[in-house]
Amino acid sequence: MANVSKTRDPYDRGNGLHGVPIYRIAAFALNNSSTNLYLFFMGYVAYYLNGFVGMATIMASSFSTFMRIWDGVTDPFVGYIVDKTDGKLGKNRPFIIIGHLILLVTSFILFHVTHKLPEGIIRTIFFIVMSMIYYVGYTFQCVVTKSAQTCLTNDPKQRPLFAMFDAIYNTFLFTIVAIIVAKIVAKYDGNFIDVRFFHDFWVFTAISAFICMLLAVWAIWPKDQTKYFGTGKAVKVSFKDYFEVIAHNRAIQMLVVNASTDKLASSAKTSAVTAVMFGVVCGNFALYGAMSAYTLPFTLAFIVFGIGGMATKMGMKRAMIVGSVGGLVTNALLILLWLFGDPTTLAMPGVEGFSGLTFFTVALILLTALTGGFQAISGNIVIPMTADCADYEVYRSGRYVPGLMGTLFSFVDKLISSLAPLLAGVVFAAVGYADALPTAASPYSDGLKYAGIFLMYGMLIFGLLCNLIAMKFYPLSKEKMESIQDEIRAIKEKAMKEA
């Protein structure tokens, strides 16, 4: 059997499969953590717009919608550039580095310069223009998270491990960011509309995301080579080919439906929603950070078992189904708990006012931990699944278009999930908050409670139902992917003989 390359890769399985040391998969997953840190940071943009740019609640919430649409529009063009690129620095590394530098500079300018400009239209135009540049950088770095999956490893037992590490990192990030935000905002009397809050938050984000980016570049370095791409040789791709791929690749079609509705639901849990649920309904916003810390060990254990164990043995499609069904059950139970339980009894060790555990506290911790585990499976497994979709396209048509797969996925994902801040703004406006978003200091009302429950859990049920429908028509089972990799190996061997 002919080797694909003259120098044998020590992680070449010898049967058309190639892998990497596990620590490189772990390090490369930090590229997604890097962009997620900026995503979390920008989740508070509505407060800045509300307080310093002068936008009302719905307009401020709509801004994120419009910017994510712009972000989605740029995706196909960036994906096309990625698919056409293969230089001395590889196909993926240049986009990680350039994209991150754009994020670093523009995010600083957005939250350190805008409020110093004259009030009115000048601030608004400046913020919009800088945000458009920011999202181009975001797309540059994000697309590699998906496109580089195909060259990192094509071993079915290794590929799901990216999702495991990514889920672990995201769980830690949500916990750490929640704690840090709670501590920062406490320094400024619970006020999100304070330039010092945004400065402190930006410093944490910039340093952490930069370190994650450097580790990701190092991780992908030895595998960012042509011999690990698609058929093992350069294949010309035109923009016209994209339409044929979109029309006939059923796998990416179903994955887009799955991930975009899931993302819409998870994005609906904005910072204002968490402030309402813990600060207003429970009466103490500090409980949000504590909740994240207490559920962390349970969620991590579930992730390791669910992705590290189940997905590598059962395949990613079955793992997605299990995660979605489990999430449906636990989110339904959480809705019942908030409706019929007593949220004011929520109390945790280490938080002021704790006098002992209550039924509501124990039930909320357990159900939140289980929900986090199930959602970590269904939410994170989609990234390595895009690599399967790219390999499926090589098998189906001979085209290697990982940039298209990643950006098509992102385009629809962002287009739909961009509605989340607007949806939250409309829901809150309907219960009396048309001019300003509710904060942890807002007075309690039943309307706020029901709005929070709908956005926190009801939307997730909708997204998970869409997951199950999409998986019904998703063709890439574990067995199918094994046969696809065999076929791709044959294609590579034929290409090498003809070279």
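Residues numbered from 1 in each chain as written. Predicted model: local features only at pLDDT ≥ 70, side-chain atom pairs only at ≥ 80, totals over all residues. Heavy atoms only, no water.

Participant: Could you give an account of the overall build of the protein chain, naming the residues involved and the relevant values?
Facilitator: A tally of helices and strands in the protein chain yields 20 helices and 0 strands. Taking all 499 residues of the protein chain together, the buried fraction comes to 59%. Long-range pairs, those at least 24 residues apart, make up 85% of the contacts in the protein chain with a sequence separation of at least 6. Entry remark: accessible area of the protein chain is about 19,300 Å², with carbon and sulfur atoms responsible for 69%. (Helix = DSSP H or I, 4+ residues; strand = E, 2+ residues; numbered from the N terminus. Buried < 20%, exposed > 50% of the residue type's maximum accessible area, 1.4 Å probe, protein only. Contact = heavy atoms within 4.5 Å. Areas by Shrake-Rupley, 256 points an atom, 1.4 Å probe, with all protein chains shown as cover.)

Participant: Quick rundown of the packing of helix α2 (residues 30-42) against helix α9 (residues 195-220)? Include the residues and the values.
Facilitator: At a minimum axis separation of 7 Å, α2 and α9 run at an interaxial angle of 165°. What the angle tells us is that α2 and α9 run roughly antiparallel. For the pair α2 and α9, the sense of crossing is left-handed. Residues L30, N31, S33, S34, L37, Y38, F40 and F41 of α2 pack against F198, F201, W202, F204, T205, A206, S208, A209, C212, M213, L215 and A216 of α9. Partitioned by chemical class, the residues of the contact of α2 with α9 number 15 nonpolar, 5 polar and no charged. (Axes fitted to C-alpha atoms, helices over the stretch in contact; angles between N-to-C directions. Parallel < 35°, antiparallel > 145°, perpendicular 65-115°, else oblique. Left-handed = near helix turned anticlockwise from the far one by under 90°. Nonpolar A, V, L, I, M, F, W, Y, C, P; charged D, E, K, R; others polar.)

Participant: Describe the pattern of salt bridges, with residues and values.
Facilitator: Inspection of the entire model under this criterion finds 7 salt bridges. For E244, the salt bridge is made with R396, and the minimal N-O distance between the two is 2.8 Å. Taken together, the residues E244 in helix α10 (residues 239-248) and R396 in helix α16 (residues 382-397) connect sequence positions 152 residues apart. Overlapping salt bridges bring together R159, D388 and D391 as one network. (Salt bridge = Lys/Arg side-chain N within 4 Å of Asp/Glu carboxyl O.)

Participant: Lay out the packing of aromatic side chains with the relevant residues and their values.
Facilitator: What describes a pair of aromatic rings is the distance from one ring centre to the other and the angle between the planes of the rings. In this structure the tally under the stated criterion is 20 aromatic pairs. Note on F108 and W202: the rings are 5.0 Å apart at their centroids and 65° apart in plane angle, and the pair reads as edge-to-face. Here F108, found in helix α5 (residues 93-112), pairs with W202, found in helix α9; they are 94 residues apart in sequence, far enough to count as distant. Given the relative accessible area of 35%, F108 is considered partly exposed. On the basis of relative accessibility, which here comes to 13%, the residue W202 falls in the buried class. (Phe/Tyr/Trp six-rings, centres within 6.5 Å; stacked < 30°, edge-to-face > 60°.)

Participant: An account of the side chain of T261 is requested, with residue identities and associated values reported.
Facilitator: Inspection of the secondary structure assignment puts T261 in helix α11 (residues 250-267). Of the residues examined, T261 reaches a relative accessible area of 10% and is grouped as buried. Engagement of the side chain of T261 in a polar contact is seen with the backbone oxygen of V257, the distance being 2.8 Å. With residues up to four places along the chain from it excluded, the contact list for T261 reads F462, G463, C466 and N467. (Polar contact = N/O pair within 3.5 Å; in protein donor to acceptor, adjacent residues only side chain to side chain.)

Participant: Talk me through the nonpolar core; I want residue IDs and the actual numbers.
Facilitator: Within the largest apolar cluster, 154 residues are counted, with the highest numbers of intra-cluster contacts made by F28, F197 and F428. Here the element with the most residues in this core is helix α8 (residues 159-187); it accounts for 15 residues. (Core = buried A, V, L, I, M, F, W, Y, C linked by side-chain atoms within 4.5 Å.)

Participant: So, α2: which residues are in play, and what are the values?
Facilitator: Its 13 residues place the ends of α2 18 Å apart at the C-alpha level, agreeing with the 18 Å of an ideal helix rising 1.5 Å per residue. Most of α2 sits inside the fold, with 12 of its 13 residues counted as buried. Those residues of α2 that fall on the buried side of the exposure criterion are L30, N31, N32, S33, S34, T35, N36, L37, Y38, F40, F41 and M42. (Expected span 1.5 Å × (residues − 1).)

Participant: I'd like a rundown of the environment of M213, residues and numbers included.
Facilitator: Looking at the secondary structure, you find M213 in helix α9. When the C-alpha atoms of M213 and A27 are compared, they prove to be 9.3 Å apart, with 186 residues separating the residues in sequence. Setting aside its immediate chain neighbours within four residues, M213 contacts S34, I96, H100 and Q141.

Participant: How would you explain the side chain of S34 if you had to name every residue and give the values?
Facilitator: When you line up the elements, S34 lands in helix α2. For S34, a relative accessible area of 0% puts it in the buried group. Side chain to side chain, S34 and H100 meet in a polar contact 3.3 Å long. Ignoring anything within four residues of it in the chain, the contact list for S34 reads H100, Q141, A209, C212 and M213.

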